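For reference, the chains in residue letters:
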Amino acid sequence: MDCLHIEKAITFIAKGIREKENTGISKRTPYCYSKDLQRGINMFLWAAFSMGGVGENVCAYADEYAFLKKFICLPIREWFIDWSEESKRQLQLENEYFYYLEALAYRVGCDDVYMASEDCYDYLNRQESNIIESLDERGVYNRLKELSQEQYVEVRRFLIQNPIATEETRREFIPKIAESPTARDVIEIAYERFYESVYRCPTCGWTLKRTANDYVCHSQYCTENLPTLTDEMVIDGAQDKIYRLKKGVMRYIASPGKLEMEIVAFCKKNGIEYALWPQKDRYDVEIKFSNGDIWEIDAKAVRNPKILSAKIEKDGGFPSGDYEKGFFVIPTDYVKGKRNYTSIVNQGLKAQKNVKCITFATLKKYITEKVKQL
Ligand SMILES: [Zn+2]
């Protein structure tokens, strides 16, 4: 029994939660069996049992629903609370980044419904090259990379700016990519048609889903910050031919793209030369100053600094290149209530002297200062 075993268990559980999320995890929803989830639960319980946790309760939690109810709304570090001190010392769990994950799911309103949390999705995204393949976003991403630089930018920007697209919007866009069957392919794979009348999420622009008494978005942040929904937010997929991005594409491609667009808008407004996704996403934004200095930016929309740090480490740090400075940039509101966010990430960046993790607000300040000096 080692930390890798626990990491695998948690990954399978997270994957199972994501899989089941389509129905909402609830006692009332028809039982839909997730092989991964059960496998993860068995692995975790076995580990807990051999480390003195859960005790004779081990059988009580072997049932999927009982396990989820007990564990998924707890931060991961609390999953180990009843493990023996000796075993925790041996394993050195504090050295494992999964130990710092917040709860894998959150409860919606007063319903007995659970949705996968941001940490659950970000964790899976960090793990996915090991375990998860052939997801929608992978297909989209791989095809995007086959495009010319110009078309890559054109198509990716379209996805970010149109979480929901009417037949008309799509038709207007198609001529721009007419010569490329691959680009048209991307649009085909990225979207799915929907036939219901739904609310458009006022925060991210995607479709809200109804649970028994509440509405949920793909993102926990959106769900927890929903304003009162009004008739103007309704879009009717039954009346018109309307498409939405598939969930994985929304979450992993379009949603993080929002920050990239904001960075670009800032450069544009201030007359700074920039390139979006230079070398097809080697970086997200490249800034060129009038004296020839180059800054490369990698925008990261990950709320948990431990996950971001682990992801950067896995990717081998900031991509190398001929730049004066490299920045991992996070949305400014991510440091609210987490003032040490950037210092946690920067701990892991010490080997790259000209690379730092900063907020978007700090980036704007740095750019303004730099321009003044020129
Ligand atoms: Zn939303």
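An account of the accompanying structure is given in this report. (Residues numbered from 1 in each chain as written. Predicted model: local features only at pLDDT ≥ 70, side-chain atom pairs only at ≥ 80, totals over all residues.)

1. Details of the overall build of the protein chain
Our working definition: Working definition: helices are DSSP H or I runs of at least four residues, strands are E runs of at least two. Numbering for both runs from the N terminus. What the globule rule says is 2.2 Å times the number of residues to the power 0.38, and the radius of gyration is computed from C-alpha atoms. For every residue, the other C-beta atoms within 10 Å of its own C-beta are counted; 20 or more classify it as buried, 12 or fewer as exposed, and values in between as partly exposed. C-beta atoms are placed from the backbone. Here, residues touch in the contact sense if the C-beta positions derived from the backbone fall within 7 Å of one another.
Helix and strand content of the protein chain: 15 helices and 14 strands. Compactness check: the protein chain gives a C-alpha radius of gyration of 22 Å against a globular reference of 21 Å for 374 residues, within 12% of the reference. For the protein chain, the C-alpha atoms occupy an extent of roughly 70 × 55 × 40 Å along the three principal directions. Looking at the protein chain as a whole, 38% of its 374 residues qualify as buried. Pairs at least 24 apart in sequence give 69% of the contacts found in the protein chain among residues at least 6 apart.

2. Describing the packing of helix α6 (residues 136-144) against helix α11 (residues 247-269)
Keep this limit in mind: Under this scheme, a helix contributes an axis fitted over its contacting stretch, all axes are lines through C-alpha atoms, and angles between N-to-C directions fall in the 0 to 180 degree range. Comment on the angle field: the value is read as roughly parallel under 35 degrees, roughly antiparallel over 145, roughly perpendicular from 65 to 115, and oblique elsewhere. Working rule for handedness: look at the near helix, and if it is turned counterclockwise from the far one by less than a right angle, call the crossing left-handed; if clockwise, right-handed. In this classification, the charged set is Asp, Glu, Lys and Arg, the nonpolar set is Ala, Val, Leu, Ile, Met, Phe, Trp, Tyr, Cys and Pro, and all remaining amino acids, among them Gly, are polar.
One way to put it is that α6 packs onto α11 with a least axis distance of 7 Å and a crossing angle of 55°. Judged by the inter-axis angle, α6 sits oblique to α11. Taken as a pair, α6 and α11 cross one another with a handedness that is right-handed. Contacts between α6 and α11 involve D136, E137, V140 and Y141 from the former and G248, V249, Y252 and I253 from the latter. Counted by class, the contact of α6 with α11 contains 5 nonpolar, 1 polar and 2 charged residues.

3. Quick notes on the pairing of strand β12 (residues 294-299)
This is how it is decided: One bridge is not enough; two strands pair if DSSP finds at least two bridges between them. By convention, orient the strands away from the viewer: a clockwise path from the first strand over the helix to the second makes the crossover right-handed.
Of all 6 residues in β12, 5 are buried, a share of seventy percent or more. Across 4 bridges, the pairing between strand β11 (residues 285-288) and β12 is antiparallel. Bridge pairing in β12 places V285 opposite I297. Both β12 and strand β13 (residues 325-330) contribute to a ladder of 5 bridges, which runs parallel. Within β13, the position partnered with I297 by the bridge is F327. Read as a crossover between parallel neighbours, the route from β12 over helix α13 (residues 305-314) to β13 is right-handed.

4. Some thoughts on the sheet that holds strand β9 (residues 242-245)
Taken in spatial order, the 3 strands of this open sheet run β3-β9-β4, and their pairing is antiparallel. This sheet does not close on itself; its edge strands, each paired only once, are β3 (164-166) and β4 (191-193). Adjacent strand axes in the sheet meet at a mean angle of 30° when their direction is disregarded.

5. A word on α13
Burial analysis of α13 places 7 of its 10 residues in the buried class, which makes it a mostly covered element. Within α13, the full set of buried residues consists of P305, K306, I307, L308, S309, A310 and I312.

6. Topic: the environment of E260
Along the chain, the position of E260 falls in helix α11. Excluding residues within four positions of it along the chain, E260 makes contact with L276, D284, V285 and A299.

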